[in-house]
Amino acid sequence: MSGVANPFRQAGAERIDPLLVALWITLIIVAVIWIAPFVFIIFTSLKSNATVMGTGAFSPPTSIAWENFANAWRRGDFGTTVVNSTIITVIKVPLGLMISAMAAYSLSRIQFWGHKVAFLAIVFGTMIPFQVMLAPIFKQVNSFGLINTYVGIILPYLAFGVPYQVFILHGFFKEVPKELSEAALIDGASHFTVFRRIFLPVSLPVLAALLILDFVATWNEFAMALVILQDPDRWTLPLGLMSFQSQFARDYGQLNAAIVMTVLPAAIVYLIFQRYFVSGLTSGAVKE
Amino acid sequence: MVASPSTADRYDRTPAQTRRVKARLQDPAVQGLVLIAPAVLVYALFAFYPMLDVIQLSFMKWNGLTAAKQWVGLDNYRYVLGDDPVFWVAFRNTLIWTALSVIFPPLIGLGLALGLNQNIPGRSPLRALFYMPVIIAPIAVATMWRWMFDPFFGLFNSLLTTAGWTNLIQDWLGDRSVALYSVFIGYVWEVAGFSMVLFLAGLQGVSQTLIEAARIDGAGRFQVFRYVTLPALRPTITIVLILSLINSLKAFDIVYGMTGGGPAQSTQMLAMWAYTQAMQLGDFGRGSAISVVLLLMTVVIVVPYLRWTLRRQEA
């Protein structure tokens, strides 16, 4: 996709622009720096401990120590954490998107009392980091008796996911031509029908973008899980990795295998759905 | 959607009740409230209420477990702001961290975006690579960098040894004077791609015709950038700076994972110190007082931005 016609030339110019070549070389150097950590982690994950200590950082592993992955999987109890992360993500992400889309439709298309205030609260909510108030969130979840439960982590995840998604979808729904929904409403359709039959289908690309962004965010979340999921049987992947690091920090090969296994699912999703990430991020933030 | 009386009976409602519910649901305002209710409910219970609760808790003495809560007035604030030796260290670190976060990742992001916006080969893979760290779990980034900073076998000291610059070898995360900046280097790697993507999107909005026109009028590269590109990027710059600022307050995972606030509290931050006081030392009152200070700092930043956003939304 990067097949640029006549690279290194200014638009319309025939000659190669030396400044662009210099710029390109600089970017390649920066890219090498950016990729180095990945290479280092992958190499280490495939080396035995003795090799890690005996060879240079970027010398490729000579005999590949696949057992690092099996051992890290077992000792880090990845079987449990992967299942927990999957359950939480699979429930939270679609559910959160659903309630956000409903709210965004309501805010952008229906006039009711308090709808200005609700919008203001939403935008305000996009700006307040929950990391600031982990203790009161713990207290609230605890008062429902939901510590160490899936529901107990999913509810605050939903709460803190709503503002950003509503903000983005509200911006999108506002641009949908009025005629589209008004014709249906005049014919006697309810707002529920208009939302389901017209707005959901036309906003599929935005919904897909938000779905993928939220999948990665939920999969990666650490601080809230740290506070609410204290029982190792309920830990998610990031909690498992943290605990692995504190217990087996000197088993370099296995530690790096654990990192690779934690990072891989999100990395694969990213590589497959790359273009959605950009559109999801920028559709709301940068409007021209 | 049409419910006959017989279906209504199955749900134990009299036909009159059903009719009333149906009549209510005809009202668009009621439909609007029904649609927004789940989101508002969950947000109010698990995001908004804790935000108010933290203020109340900051005037209490409470260990988080027992029912015994005691009103202590401003004692927690007096302790935190006056006697707590760690608070001001964490405060200073938070300010340094925020200042660095607003300067370096956006500058690098802008540089990368300007470069990738030119006519050069390999733009897509390069863009994908620079954005890659953003989607990796911050706690995994912390674990990665902690390993790279390993004083014996880590990447940095190995490279320095190979290069022969042994005098530069550091205990990157163990030395109080460098630990905060070491963590920050990992953070830059993690977030620069985020600024880059926003700037790339902003650059799409810069009018090519305007650039052409300026060039024909004899403007040099720098002049085109200074007088055409930069002014057109102004809204994007505002957004990137504000988001960088807010994200810097969220930097909990990476510090927690790399140093846990140490050595000797030299990388402690306000958000993490609030967490430590409440959840680990069992003093919810003091923890909440720290949270309130941090919330106030956030609100001071957010409110002007909020007004700006709303004005843009209306426009």
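What counts, and at which threshold
Residues numbered from 1 in each chain as written. Chains lettered and ligands numbered in written order. Predicted model: local features only at pLDDT ≥ 70, side-chain atom pairs only at ≥ 80, totals over all residues. Heavy atoms only, no water. Helix = DSSP H or I, 4+ residues; strand = E, 2+ residues; numbered from the N terminus. Rg over C-alpha atoms; globule rule 2.2 N^0.38 Å. Buried < 20%, exposed > 50% of the residue type's maximum accessible area, 1.4 Å probe, protein only. Areas by Shrake-Rupley, 256 points an atom, 1.4 Å probe, with all protein chains shown as cover. Lys, Arg positive; Asp, Glu negative; His and termini not counted. Charge placed at Lys NZ, Arg CZ, Asp CG, Glu CD. Contact = heavy atoms within 4.5 Å. Buried area = accessible area lost by both parts, 1.4 Å probe. Salt bridge = Lys/Arg side-chain N within 4 Å of Asp/Glu carboxyl O. Polar contact = N/O pair within 3.5 Å; in protein donor to acceptor, adjacent residues only side chain to side chain. Nonpolar A, V, L, I, M, F, W, Y, C, P; charged D, E, K, R; others polar. Axes fitted to C-alpha atoms, helices over the stretch in contact; angles between N-to-C directions. Left-handed = near helix turned anticlockwise from the far one by under 90°. Expected span 1.5 Å × (residues − 1). Domains from an automatic or database assignment. Parallel < 35°, antiparallel > 145°, perpendicular 65-115°, else oblique. Phe/Tyr/Trp six-rings, centres within 6.5 Å; stacked < 30°, edge-to-face > 60°.

## Some words on the overall build of chain B
In terms of regular secondary structure, chain B is built from 15 helices and 2 strands. Relative to a compact globule of 315 residues, whose C-alpha radius of gyration would be 20 Å, chain B shows 27 Å and is clearly more extended. Overall size of chain B, expressed as C-alpha extent along the three principal axes, is 85 × 65 × 35 Å. Across the 315 residues that make up chain B, the buried fraction comes to 50%. Carbon and sulfur atoms form 64% of the exposed surface of chain B, whose accessible area is close to 14,700 Å². Computed over 23 positive and 16 negative side-chain charges, the inter-centroid distance for chain B is 9 Å.

## Topic: the interface of chain B and chain A
Contact with chain B, which involves 103 residues of that partner, is made by 105 residues of chain A. A buried area of about 9,600 Å², summed over both sides, lies between chain B and chain A, and 76% of it is on carbon and sulfur atoms. Looking at the side of chain B facing chain A, the largest losses of area belong to Leu35(B), Phe46(B) and Trp147(B), adding up to 9% of the total buried there. The tally of links from chain B across to chain A stands at 3 salt bridges. Close ionic contact of Arg221(B) with Asp17(A) constitutes a salt bridge, the shortest N to O distance being 3.1 Å. Scanning the region where chain B abuts chain A turns up 15 residue pairs in polar contact (both at pLDDT 80 or more). A breakdown of the residues in the side of chain B that touches chain A according to their chemical character gives 72 nonpolar, 19 polar and 12 charged.

## Describing the packing of helix H13 (residues 252–272) of chain A against helix H6 (residues 123–135) of chain B
Running from amino to carboxyl end, H13(A) crosses H6(B) at an angle of 145°, the nearest separation of the two axes being 10 Å. In the crossing of H13(A) with H6(B), the sense of the turn from one axis to the other is right-handed. Within the contact between the two elements, H13(A) uses Ala266(A), Ala267(A), Tyr270(A) and Leu271(A) and H6(B) uses Arg127(B), Ala128(B), Tyr131(B), Met132(B) and Ile135(B). A per-class count over the contact of H13(A) with H6(B) returns 8 nonpolar, no polar and 1 charged.

## Quick notes on the side chain of Ser108(A)
In this structure, Ser108(A) sits in helix H4 (residues 78–109). The contact partners of Ser108(A), leaving out residues within four places of it in the chain, are His170(A), Phe173(A) and Lys174(A).

## Details of the pattern of salt bridges
Residues and elements named next belong to chain B. Per the counting criterion, the structure on display carries 9 salt bridges over all chains. Across the salt bridge formed by Glu212 and Arg215, the nearest N and O atoms sit 3.7 Å from each other. One end of the pair is Glu212 and the other is Arg215, both in helix H10 (residues 208–216) and 3 residues apart, which spans about a single turn. Put simply, Lys61, Asp283 and Arg286 are held in one network by salt bridges that share partners.

## Here we look at helix H10 (residues 204–220) of chain A
Residues three or four positions apart in an α-helix share a direction because the helix packs 3.6 residues into each turn. Between the first and last C-alpha of H10(A) there are 24 Å, a value that for 17 residues agrees with the 24 Å anticipated at 1.5 Å per step. Those residues of H10(A) that fall on the buried side of the exposure criterion are Val206(A), Leu207(A), Ala209(A), Leu210(A), Ile212(A), Leu213(A), Asp214(A), Val216(A), Thr218(A), Trp219(A) and Asn220(A).

## What to know about the domain arrangement of chain B
Partitioning chain B into structural domains gives domain 1 (5–57) and domain 2 (87–267). For domain 1 of chain B versus domain 2 of chain B, the distance between C-alpha centres works out to 45 Å.

## Let's talk about the domain arrangement of chain A
All names here are of chain A. Partitioning chain A into structural domains gives domain 1 (18–71) and domain 2 (76–285). Taking only C-alpha atoms into account, the centre of domain 1 sits 33 Å from that of domain 2. Opposite the 11 residues of domain 1 that make contact, domain 2 presents 10 residues. Applying the counting criterion to the domain 1 and domain 2 interface returns 0 salt bridges.

## Things to note about unusual backbone geometry
A cis amide bond links Gly262(B) with the next residue in sequence, Pro263(B), at an omega value of -10°. By the element assignment, Pro263(B) lies in the loop between helix H13 (253–258) and helix H14 (270–280). Phi is positive for Asp77(A), which is not a glycine, with a value near 55°. Relative to the assigned elements, Asp77(A) resides in the loop between helix H3 (67–75) and H4. The partly exposed category is assigned to Asp77(A), whose relative accessible area is 38%.

## So, the environment of Trp147(B)
By secondary structure assignment, the location of Trp147(B) is in helix H7 (residues 138–148). Residue Trp147(B) is classed as buried on the basis of its relative accessible area of 3%. For Trp147(B), the contacting residues outside a window of four places in its chain are Phe40(A), Ile41(A), Thr44(A), Val52(A), Tyr252(A), Asn256(A), Phe153(B), Gly154(B) and Leu155(B).

## Examining the packing of H3(A) against H13(A)
Residue and element names in this part refer to chain A. For the pair H3 and H13, the least separation of the axes is 8 Å and the interaxial angle reads 80°. Put simply, H3 runs roughly perpendicular to H13. Contact residues: H3 offers Asn68, Phe69, Asn71, Ala72, Trp73 and Arg75, while H13 offers Gly253, Gln254, Ala257, Ala258, Val260 and Met261.

## Focus: the packing of aromatic side chains
The final tally for this structure, using the stated rule, is 39 aromatic pairs over all chains. Taken together, a centroid distance of 5.3 Å and an interplanar angle of 85° make the contact between Phe173(A) and Phe199(A) edge-to-face. A residue pair is termed long-range when its members are at least 10 positions apart, and Phe173(A) in helix H7 (residues 150–175) and Phe199(A) in helix H9 (residues 191–202) qualify at 26 residues. For the pair shown, Phe173(A) and Phe199(A) are each scored as buried. An angle of 25° between the planes, with centres 5.5 Å apart, marks the rings of Phe59(B) and Trp71(B) as stacked. Here Trp71(B) lies in strand E2 (residues 70–71) and Phe59(B) lies in the loop between helix H3 (28–57) and strand E1 (60–61), a separation of 12 residues in the sequence. Accessibility expressed as a relative area gives 22% for Phe59(B), which makes it partly exposed.

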